[in-house]
Amino acid sequence: MTQLSVLLSLPASITSGGNVSSGETALFWVLAPLMVFGALGLLFARKAVHAALGIVLVMISLAFLYTAQEAPFLGVVQVVVYTGAVMMLFLFVLMLVGVDNSDSLVETLKGQRWIGAILGLGIAAALIGVIRTATFDQAKGLTAPNADSNPVGVARVIFGQDIFAFEVVGVLLITAALGALVLTHRQRLVPRVGQKERADARVASGGRLAPLAAPGVYARSNAMDTPALDPEGRPIEESVSRVLRTRGQRRSATEVEAQVGGTSAIEPAQIEPAQIEEGTQP
Amino acid sequence: MNALLPAAVGVAADFSHDTVWLAVVKAVLILVFLLVSVLMAIWFERKVVGRMQSRPGPNVHGPFGLLQSISDAMKLLLKEDITVKAADKLVYLLAPMISVFCSLLVFAVIPFGPAVRIPFTSLVTPLQLTDLPVAVLYILAAASVGVYGIVLGGWSSGSTYPLLGAVRSTAQVISYELAMGLSLVSVFLLAGSMSTSQIVDSQRQFWWAIPLLPAFVIYMISMMGEVNRLPFDLPEAEGELVSGYMTEYSSMKFAWFFLAEYINMLNVSAVATTLFLGGWRAPWPLSAINDGMLNHGWWPVLWFLAKLWLLMFFFVWVRGTLLRLRYDQFMKFGWKILIPCALAWVAAVAVVQGVRQFTDVNLRSILIVLSVLMFLGVVASLLVPEKKGAPQRKARRVPFDAFAGGYPVPPLPGQKLPPSSRRARAVVVIAAAEPNGSDPTAAEPSPSATATAAADDGTKEADRG
């Protein structure tokens, strides 16, 4: 019961000691339920993307609260770094993994629920202990630290007072990034097949380079069963559907010409196939 | 509640006299400005691209086709609003809203001009809704949340192309925002502030685009990536993904995405103007007139808008000129060129700024010494003999091979085409008419030459024509 009373008196104690305007209180009471809603959404959402959205909601609301508490730098950086980059990466991975998959409820680790529950209780006990023993000093306000604008104040703390810790964290992060690079690096065993190599192979194999012509490209007969003609006037067999060819339902160009009336310039017989075949070779 | 904000430190503009009503009026004006500008921008883009492609562009509705965008907007509003069956309803509805709201946020901290007296009143107020000590970071934050609209829109459509567009957009934003942020850091270093009014104030002498040219170029490139414009419009590449993340959207929801895209163009142009091009300051010869008369009062709005629309023109120009990059090229460019360059530049600026602020070393003399050394190096490099064997000259001596490397190829410079076989045939005809044939080699056209010669004829004809 004492813990509850401490928790309930928390906002009141800040109000009495520090300088919380009515606007800020209103903002808090609007944002706090939203944040709780978002946090619960993270726990209970079926789809992973909905859970991610819950976190985003919490993060952005938190940024508003930071800004209201005269820490605009923290608030904005929180959105840029965590919402804009880290959560975006999470979403990226979620989308690559498969978006429609709901979470599988099959446990792969034995006894993880029990371990999780015990650890959770431990953290809860520790937090309650901290809150019970916490004493609140008279609030000093942020006028002095923010005297040269908030970013400058933060910079003084990070690059003056805590420069060593900052550098150590930087080294740690770079080491981690380098480790990830090294672990995911693999040596190429075969030469890389790129666009140029593929194109070369296609030409070398002697296949068709241009897209396949559509069938039946004549002035007076357009039909699926009529082969198209190439620039030299030969019918292109492959332009007719494979099914029609197998069934023997394709018409020849000469047949079409006979139907059309013989006025066309289609004269496939005029060019001997053998000569053309040779002619196209380099 | 007279003062909306406590008189903020680290901000040049003075908002202490602003009332809530004034802020509301400013916000509404910004909204109206943005919506009208988007209508103008759509017309402008279509007209300019049309001119670049030798066609008139929209010219039916209203004078010069000015009302075309309004009729387009009306058409979009009256269309049927389709929600696809596989869509995740809530997120599907939320996504365009996120896009538009986040794009509207940016102009709140963009200064249109210095403090002015509002006509017919005694109110003096900066031409800016608000300013923060972290205003530019606020802009980055708004932009990065705005991308959620694209990503969620693509995801919630429950369809393949939008999802691919969303995934591409995520990767694009993560990689290009890094370069963008780094290019802005050098401005922060020189201006000593992240507040937009202070940055404009710091550009009295010269605009940051001049001393920070590499950062400016990097910003211009990455801002194209940021707003999904050609040549970086991969999330909505119509040739590959239909229209990417907005494929399944129609009617008003689609219109919102469209609106957000154009507002974002205005946003990044305004940021480039404010951070690199002197903001509302008059360009050089004009700024010297009558002791800076044109930098006071309402004149600066004109310069700001002129710079903004110049950048918008640049967007359109690039769109009319460049092709879309292939995705792997795009990623390689971002990670292997843009980000390392931006990092190196930031490091260089930081070193120079550090030397200037924390040491007594005369930076000018160091720079002069460095440039003299560099010049000497260049001169010395001229003395080193060039490597022999320019491959091009050799290639010219090689006889023309119509199928070099397996492809049908035109002749290289310096190579001669073999005589056309058609001409040979004509010669044969003439030779048949005249008993004494002129050219023995051309008398019998070899069948193997027909194909190449047929191809060559075209080039010959082109030469003649």
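Residues numbered from 1 in each chain as written. Chains lettered and ligands numbered in written order. Predicted model: local features only at pLDDT ≥ 70, side-chain atom pairs only at ≥ 80, totals over all residues. Heavy atoms only, no water.

1. Side note on the packing of aromatic side chains
Residues and elements named next belong to chain B.
For step 1, the next point in the chain: Counted according to the given criterion, the structure contains 22 aromatic pairs over all chains.
For step 2, the next point in the chain: An aromatic cluster is defined as three or more aromatic residues linked by ring pairs; in this entry it consists of Phe33, Phe107, Phe112 and Phe304.
For step 3, the next point in the chain: Stacked on the ring of Trp207, the Lys or Arg Lys307 has its end atom at 4.1 Å from the ring centre. (Phe/Tyr/Trp six-rings, centres within 6.5 Å; stacked < 30°, edge-to-face > 60°. Lys NZ or Arg CZ within 6 Å of the ring centre and 35° of its normal.)

2. Regarding unusual backbone geometry
Negative phi is the rule for most residues except glycine; trans is the rule for most peptide bonds.
For step 1, the next point in the chain: Notably, Glu70 of chain A is not glycine yet its phi reads approximately 60°, a positive angle.
For step 2, the next point in the chain: With respect to the secondary-structure elements, Glu70 of chain A resides in the loop between helix H3 (48-68) and helix H4 (72-97).
For step 3, the next point in the chain: Residue Glu70 of chain A is classed as partly exposed on the basis of its relative accessible area, which comes to 43%.
For step 4, the next point in the chain: Here Phe120 of chain B, not a glycine, exhibits a phi torsion of approximately 70°, which is positive.
For step 5, the next point in the chain: Positionally, Phe120 of chain B belongs in the loop between strand E1 (113-117) and strand E2 (124-127). (Helix = DSSP H or I, 4+ residues; strand = E, 2+ residues; numbered from the N terminus. Buried < 20%, exposed > 50% of the residue type's maximum accessible area, 1.4 Å probe, protein only.)

3. Describing the side chain of Arg281 of chain B
All names here are of chain B.
For step 1, the next point in the chain: Counting through the fold element by element, Arg281 comes out in the loop between helix H9 (251-276) and helix H10 (284-287).
For step 2, the next point in the chain: The exposure class of Arg281 is buried, given its relative accessible area of 8%.
For step 3, the next point in the chain: When sequence neighbours within four positions are dropped, the list of residues in contact with Arg281 reads Val200, Asp201, Gln203, Arg204, Trp207, Asn295, Trp303 and Lys307. (Contact = heavy atoms within 4.5 Å.)

4. Notes on the domain arrangement of chain A
Residues and elements named next belong to chain A.
For step 1, the next point in the chain: Per the domain assignment, the segments of chain A are domain 1 (13-101 + 127-140), domain 2 (143-186) and domain 3 (213-272).
For step 2, the next point in the chain: The C-alpha-based centres of domain 1 and domain 2 are spaced at 22 Å.
For step 3, the next point in the chain: Contacts between domain 1 and domain 2 engage four residues on the former and four residues on the latter.
For step 4, the next point in the chain: Roughly 330 Å² is buried in total at the junction of domain 1 and domain 2, and carbon and sulfur atoms are behind 54% of that figure.
For step 5, the next point in the chain: The three residues of domain 1 that bury the most area against domain 2 are Glu70, Pro72 and Phe73, which together make up 86% of that side's buried surface.
For step 6, the next point in the chain: For the pair domain 1 and domain 2, the number of links is two residue pairs in polar contact (both at pLDDT 80 or more).
For step 7, the next point in the chain: Within the side of domain 1 that touches domain 2, the residues separate by chemical class into three nonpolar, no polar and one charged. (Domains from an automatic or database assignment. Buried area = accessible area lost by both parts, 1.4 Å probe. Polar contact = N/O pair within 3.5 Å; in protein donor to acceptor, adjacent residues only side chain to side chain. Nonpolar A, V, L, I, M, F, W, Y, C, P; charged D, E, K, R; others polar.)

5. A look at the nonpolar core
Note on soluble globular proteins: their nonpolar side chains tend to be buried together.
For step 1, the next point in the chain: Within the largest apolar cluster, 119 residues are counted, with the highest numbers of intra-cluster contacts made by Phe107, Leu152, Tyr219, Met223, Leu275 and Phe276 of chain B.
For step 2, the next point in the chain: With 15 residues, the top contributor of residues to this core is helix H4 (residues 135-156) of chain B. (Core = buried A, V, L, I, M, F, W, Y, C linked by side-chain atoms within 4.5 Å.)

6. Considerations on the interface of chain A and chain B
For step 1, the next point in the chain: Contact residues are listed per partner, giving 38 residues for chain A and 33 residues for chain B.
For step 2, the next point in the chain: At the boundary of chain A with chain B, total buried surface from both sides reaches about 3,000 Å², with 77% on carbon and sulfur atoms.
For step 3, the next point in the chain: Here chain A and chain B share four residue pairs in polar contact (both at pLDDT 80 or more) between them.
For step 4, the next point in the chain: At the level of secondary structure, the elements contributing two or more residues to the side of chain A that touches chain B comprise H3, H4, helix H8 (195-204) and helix H11 (273-280) of chain A.
For step 5, the next point in the chain: Residue classes in the side of chain A that touches chain B are distributed as 24 nonpolar, 10 polar and four charged.

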